[in-house]
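Fold and contact review
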Amino acid sequence: MTAVATKTPASPGPARGSGSGADGRTAWGTLRTVLRLHRTALLVWAAVVLALSGWLVWLTEVAVKDELAEWEACERAGQDLCDMTIGWVGYSESLAWVGLLISYGFVAVAAFAGGALIGRELENGTARLAWAQGITPARWLTAKLAVPALALTADVTVLVLVYRWAWGAHQNLTYNGWTGDDAYLSRGPAGLAYALCALAVGVLTALLLRRALPALAVSVVTSGLFAFVVARYRGSFWPAVTRTSTAGVVDPPDNAWELENGVLIHGRRTPDVDYWACDGTAAEARRCLDDLGVTGYYTTYHPESHYWPLQLVETGVVLAVAALVTAAAFLLLRRRTATASAA
Amino acid sequence: MTDTAMAATALGKRFGRRGGWALRDCTFRLPAGRVCAVVGPNGAGKSTLLALAAGLLAPTEGRVTVLGTDPASARARVGYVAQDKPLYPQLSVAETLRVGADLNPGRWDAETAERIVSAGDLDPRKKIRSLSGGQRTRVALALALGKRPELLLLDEPMADLDPLARHELMGTLMARAAQYGTTIVMSSHVVAELEDSCDHLLLVGGGRVRLAGEIDDLLAAHTRVSTATGSTGPTSEDGSPDSAPGGLPELAPHTVVESRVTGRQLTALVRPAGPLPDDWRTSTPSLEELVLAYLRNPQAAPLTPAEPEEAAV
């Protein structure tokens, strides 16, 4: 009744090398598979990098010419406030837009990681297709993280370097300083750290939710919220400088990032005293201030030289979170699927 | 190497902490080289059992071994095709096979995979998303067979295929099993399609194993009987169909799977515990009759081998 009813117990099947030398080839094959699957996304990223870099070069080398000429004419005519009247709209604004795109591009990374990279695979069952081949789920996840991480590192590094060059080229024509939303993340390693963290967050969310669209939405919101929270504490990542004076209001140096200023009430820093309400004659103002107990003034700020320490600490914090999230993703995957060593 | 292809001991899987058990107390042993049918109604736990054996799910309790080791370690030697035949829609047929080659270095049999695909008149440049259900099944099977599995787990493999393709692919599978001694485990709820090709049966119902063993042995262990009621004792039956086993004194010593009284006629499917009276008409049930009898009577005592796992590993 059956075709193979009387079969001798299958002794060594056809020659099958479950050799250990296959390990390297498996890793390479897995990478190639991930490249094949996400070819379109990787090409789109590369195109975006090219387009933004091209735009920056064009802005800095070509578009800025007219504004420079205008600026020089303005200066020659001896007018004041040339920086107020020129260069806000064209060059500076475009530069700011590119900066914002680079700084907050990680939101798109989160969407990709949560939706296309992992979420869709779990929803369609194609993840299981991969795990039913010769590779373990952990190796699959490693490749799924490594390929986009490498591509992101290359892409964001190029963008950051180009942006640094463009941003520094015509400082007199840019309006936002180094602390601006457009220039803070897009000029240092923190921008890359956020992109990698968004990748990890997207992956973990997708593993948790196992559906593409919800994972996309949640990972975008989560990575955005995370960046928002970190940005609130950004100023405390490096000791700030405080200057005090008994003579009068202290101004922070040019280009400094002022965190707080206020008056000293009997030597204690108090930010929210309406000392500026004291006006009138010098004597009246003096008496008014004495009534308030003002003994001096202070300002707390980060000079521009703090950019790198601040940037590096923030990078470290974000990368640490990315590492934790990645570890959680591997743990979760391990718990879900069968793992070896069940002795 | 062991001669057990797959064995489970008190295997159970529950989805979610408060969810119901998809599979519970599942104990059986499948010898290597068999073609095993996993049969059961929808939602019986067939897919869960296959996914556990493929190492795609971690069991909640108990354990399953495949090819003498745990599913995760056997991954490279096990082929698995899920019920919905997932494939990457954005890849072409040829690219899909290349994925198989990339993910199974040292094992991939490109020739076999390509032969299965080309037997279906598939253009290798066609994208997976443009294929019909049956064509996808063909590609999925090519992917599973291309890795030269020693154990092949197929979840409802033939559901989408037309009769011709079904016949041809079943032939390919059987040839494979005969040539390489590949153990094949396939689930289905169409018993008829398995009767000719399978020699081992695993009947799953309500998350438990109801029947396990060689089909010939199982059939031999059961007998269809029919007799007139009252021939060996009085009966108080009112003549309505009755499937409660043990209610009829005539059947008392035997394990009753299903019994039915129509008028003065008693028919039953039993596992005889001893010789049956000479005046009973007896016959061997067909596989379908056997399976249906167990499915209709969830309370019937299961028949699974007493020694599920010998000193294998």
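Please refer to the structure higher up on the page.
Residues numbered from 1 in each chain as written. Chains lettered and ligands numbered in written order. Predicted model: local features only at pLDDT ≥ 70, side-chain atom pairs only at ≥ 80, totals over all residues. Heavy atoms only, no water.

Moving on, we get to the overall build of chain B. Summing up its helical and strand segments, chain B has eight helices and 13 strands in all. Looking at chain B as a whole, 56% of its 313 residues are labelled buried. In the structure as shown, chain B presents an accessible area of about 12,400 Å², 50% of it carried by carbon and sulfur atoms. (Helix = DSSP H or I, 4+ residues; strand = E, 2+ residues; numbered from the N terminus. Buried < 20%, exposed > 50% of the residue type's maximum accessible area, 1.4 Å probe, protein only. Areas by Shrake-Rupley, 256 points an atom, 1.4 Å probe, with all protein chains shown as cover.)

Residue and element names in this part refer to chain B. In spatial order, the strands read E5-E6-E7-E3-E8-E9; together these six strands make up an open sheet with mixed pairing. Each end of this open sheet is capped by a strand with a single partner; those strands are strand E5 (78-81) and strand E9 (208-214). When the angles between neighbouring strand axes are averaged without regard to direction, this sheet yields 15 degrees. Against the sheet, helix H1 (residues 46-53) touches strand E3 (35-39), E5, strand E6 (151-155), strand E7 (183-188) and strand E8 (200-205), its axis set at about 150 degrees to E6. Along the sheet face, helix H4 (residues 133-146) touches E5 and E6 and points at about 170 degrees away from the line of E5. (Pairing = 2+ DSSP bridges. Axes fitted to C-alpha atoms, helices over the stretch in contact; angles between N-to-C directions. Contact = heavy atoms within 4.5 Å.)

Residues and elements named next belong to chain B. Counting buried residues in strand E12 (residues 265-271) gives five out of seven residues, a clear majority hidden from the surface. Bridge analysis of strand E10 (residues 223-228) against E12 gives six bridges, and the strand direction is antiparallel. Bridging across to E12, Ala 228 finds its partner in Gln 265. Where strand E11 (residues 255-262) and E12 come together, seven bridges link them in antiparallel fashion. Paired with Thr 255 across the two strands is Arg 271, which belongs to E12. Linking E11 to E12, which pair antiparallel, is a turn of two residues; within it Gly 263 sits at a positive phi near 60 degrees.

Turning to helix H2 (residues 93-103) of chain B, a few remarks are in order. Most of H2 of chain B sits inside the fold, with eight of its 11 residues counted as buried. Within the sequence span of H2 of chain B, burial applies to Val 93, Glu 95, Thr 96, Leu 97, Val 99, Gly 100, Asp 102 and Leu 103 of chain B.

The next thing to look at is unusual backbone geometry. Backbone geometry follows two general trends: most residues other than glycine have a negative phi, and most peptide bonds adopt the trans configuration. One non-glycine residue, Asn 255 of chain A, lies in positive phi territory at about 65 degrees. Examined against the element boundaries, Asn 255 of chain A turns out to sit in the loop between strand E1 (241-245) and strand E2 (257-265). Residue Leu 67 of chain B is not a glycine yet carries a positive backbone phi of 50 degrees. Secondary-structure assignment places Leu 67 of chain B in the loop between strand E4 (61-66) and E5. For Leu 67 of chain B, a relative accessible area of 13% gives the class buried.

Our next topic: the pattern of salt bridges. Taken as a whole and assessed by the stated rule, the structure comprises 14 salt bridges over all chains. Notably, a salt bridge pairs Arg 24 of chain B with Glu 61 of chain B, separated by 3.3 Å at the nearest N-O pair. Of this pair, Arg 24 of chain B sits in strand E2 (residues 21-31) while Glu 61 of chain B is found in strand E4, placing the two residues 37 residues apart along the sequence. The salt bridge involving Arg 115 of chain B is made with Glu 111 of chain B; its shortest N-O contact spans 3.8 Å. In this pair, Arg 115 of chain B and Glu 111 of chain B are both assigned in helix H3 (residues 110-118), four residues apart and thus about one turn of the helix distant. Via salt bridges that share partners, Arg 32 and Arg 36 of chain A together with Asp 102 of chain B belong to a single interconnected network. (Salt bridge = Lys/Arg side-chain N within 4 Å of Asp/Glu carboxyl O.)

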